Every structure is written in C-alpha cells, then in structure tokens.
Amino acid sequence: SQQGEEDPQALSIQEGENATMNCSYKTSINNLQWYRQNSGRGLVHLILIRSNEREKHSGRLRVTLDTSKKSSSLLITASRAADTASYFCATAQKTGRRALTFGSGTRLQVQP
Amino acid sequence: EPEVTQTPSHQVTQMGQEVILRCVPISNHLYFYWYRQILGQKVEFLVSFYNNEISEKSEIFDDQFSVERPDGSNFTLKIRSTKLEDSAMYFCASSIPWEQYFGPGTRLTVT
C-alpha cells in the first residue's frame, strides 16, 4: 500500500456505535495527523500523534500508533450523525520535512 | 478560535490565464503550505514556505507555480498559465510548528 492508506475505504454504522479506522504507512515518520473532511469542504484537524507516542485521546477520539507495524488507528466512540464525513491520516516523514502525505481516506456514514 | 481563510471560494478561469489564490494564515503561525485535491483523489502537497522562502516543494510545483507572502498577513499561490488539469480544490494551511490547520479551500475550475 502507499504511504498513508486508510482501511476500510467506507464504513457505515448506527448512531451510538464506535467507529474504527486504520491507517498504514511505509516510511519512518515524525508524526501522524488525522483530519476530517465533510463533503466538498475543508480539512479539519483532529489530532496529532508523535512517533514516540503510542496513544492519544481528545474527547470522543482515541488514536493509537504502532511504529513497528507502521500503522495507526482512529477510534470515534459513541458516534453521532454529525460525525458523517471522510477521515484521512497524513504523515510527516522523519527527515524533518513538514509536507504531509495523505491517504485516500475512510468515508464514514453514521445512520441516525 | 483563529482560522485560516481563503479567497475566493470558487474561481473559474480560461486555460492559459493566470490566477492568484489568496490565503490568510493563522496570525502567529510560522509555516505556510499549499495543497491541492483533484476531485475524487488524494490531497497532494504542493509547497511549504518558511521565513520568507520556499522550504519544500513537490514535483507538481513546477515553474508555472509561485508563492508569495506580500505582507504580514497574506500568502498567495499564483499559477501563471492554467491548464485543464489544474482544476482542483486548493487548500492553504499554516502551522506552528507541526499541527497543520487548513483553510476551507478555493475550487479552481479551468475551462
């Protein structure tokens, strides 16, 4: 897979359920960031996790990072209809470059 | 809460014309970026800017593209001679130093 590939490509759940999205990448990273994008709109920054961190929380979001497997997961607990969006992971490479490499995203549909 | 703003929200131009996309980054941020997203495709990095010069650029960012910070608040992307394949959503972002915050985007349509 390419740098920053999300899995699954699409996910449909009921309101109140948890949603888990995974991201895999290939090169060593400095950090990994998760973003949300509503259809045709801008990218909203959700959370950044550094390469020396294993887990991070922000409200209903929980992000894990496993650098040995070059993978990350985003968990949204107690999902709401308003969480319906596409979710992207983006990596900044360990070389210190700040350019983010984005994945293809997971389209999350939360049914009310 | 401070946010990145972009103007215009939608720009339609004819092939071969020059366009300038404008961005106002978050005021205390030091790093500025342009990305683009062609419809249905991934978000792609174009260029980053720090201390009044380009710090990184991608293969996409060729001689047709340029960036400028003409004053203390604006950050612009110029495309000198637009092509049909330049049609995309262009996002400006800023960071201090790692978390990048994106603007709402400018949808560029080249006809």
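1. Details of the overall build of chain A
Move 1: A count of helices and strands for chain A gives zero helices and 11 strands.
Move 2: Scanning chain A from its N terminus toward the C terminus, one meets helices and strands in the order β-β-β-β-β-β-β-β-β-β-β.
Move 3: For chain A, whose C-alpha radius of gyration is 13 Å, the value lies close to the compact-globule estimate of 13 Å for 112 residues.
Move 4: Counting only C-alpha atoms and orienting by the principal axes, one finds that chain A spans roughly 45 × 25 × 20 Å.
Move 5: Within chain A, the fraction of its 112 residues that count as buried is 46%.
Move 6: Within chain A, contacts between residues at least 6 apart in sequence are counted, and of these 55% link residues at least 24 apart.
Move 7: The average position of the 15 basic charges and that of the 9 acidic charges among the side chains of chain A differ by 9 Å.

2. Re the interface of chain A and chain B
Move 1: With 24 residues of chain A at the contact, the number on the chain B side is 18 residues.
Move 2: For the pair chain A and chain B, the summed buried area comes to about 1800 Å², and 54% of that belongs to carbon and sulfur atoms.
Move 3: Its largest share of buried area at the contact with chain B, chain A owes to Leu43, Arg98 and Phe102 of chain A, together 38% of the area lost on that side.
Move 4: Our count for the contact surface shared by chain A and chain B stands at one salt bridge.
Move 5: Summed over the shared surface of chain A and chain B, the result is 11 residue pairs in polar contact (both at pLDDT 80 or more).
Move 6: Where the side of chain A that touches chain B is concerned, the elements lending two or more residues are β4 (29-37), β5 (43-50), β9 (85-93) and β10 (100-102) of chain A.
Move 7: No other element matches the five residues that β4 of chain A contributes to the side of chain A that touches chain B.
Move 8: Looking at side-chain class alone, the side of chain A that touches chain B contains eight nonpolar, 12 polar and four charged residues.

3. Focus on the environment of Glu5 of chain A
Move 1: Examined against the element boundaries, Glu5 of chain A turns out to sit in strand β1 (residues 5-7).
Move 2: Residues Glu5 of chain A and Gly96 of chain A, 91 residues apart in the sequence, show an inter-C-alpha distance of 21 Å.
Move 3: Setting aside anything within four residues of it in sequence, one finds Glu5 of chain A in contact with Asn22, Cys23, Ser24, Cys89, Gly103 and Ser104 of chain A together with Lys42 of chain B.

4. A few points about unusual backbone geometry
Move 1: In this structure, the amide linkage connecting Thr7 of chain B to the following residue, Pro8 of chain B, adopts the cis form with an omega of -10 degrees.
Move 2: Note that Pro8 of chain B resides in the loop between β1 (5-7) and β2 (10-13).
Move 3: The amide bond that connects Ile96 of chain B to the next residue, Pro97 of chain B, takes the cis arrangement and shows omega of -15 degrees.
Move 4: Along the chain, the position of Pro97 of chain B falls in the loop between β9 (88-95) and β10 (100-102).
Move 5: Of note in this structure, Lys70 of chain A is not a glycine but carries a positive phi near 50 degrees.
Move 6: Classification of Lys70 of chain A by relative accessible area gives partly exposed; the value is 27%.

What counts and what doesn't
- Residues numbered from 1 in each chain as written.
- Chains lettered and ligands numbered in written order.
- Predicted model: local features only at pLDDT ≥ 70, side-chain atom pairs only at ≥ 80, totals over all residues.
- Heavy atoms only, no water.
- Helix = DSSP H or I, 4+ residues; strand = E, 2+ residues; numbered from the N terminus.
- Rg over C-alpha atoms; globule rule 2.2 N^0.38 Å.
- Buried < 20%, exposed > 50% of the residue type's maximum accessible area, 1.4 Å probe, protein only.
- Contact = heavy atoms within 4.5 Å.
- Lys, Arg positive; Asp, Glu negative; His and termini not counted.
- Charge placed at Lys NZ, Arg CZ, Asp CG, Glu CD.
- Buried area = accessible area lost by both parts, 1.4 Å probe.
- Salt bridge = Lys/Arg side-chain N within 4 Å of Asp/Glu carboxyl O.
- Polar contact = N/O pair within 3.5 Å; in protein donor to acceptor, adjacent residues only side chain to side chain.
- Nonpolar A, V, L, I, M, F, W, Y, C, P; charged D, E, K, R; others polar.

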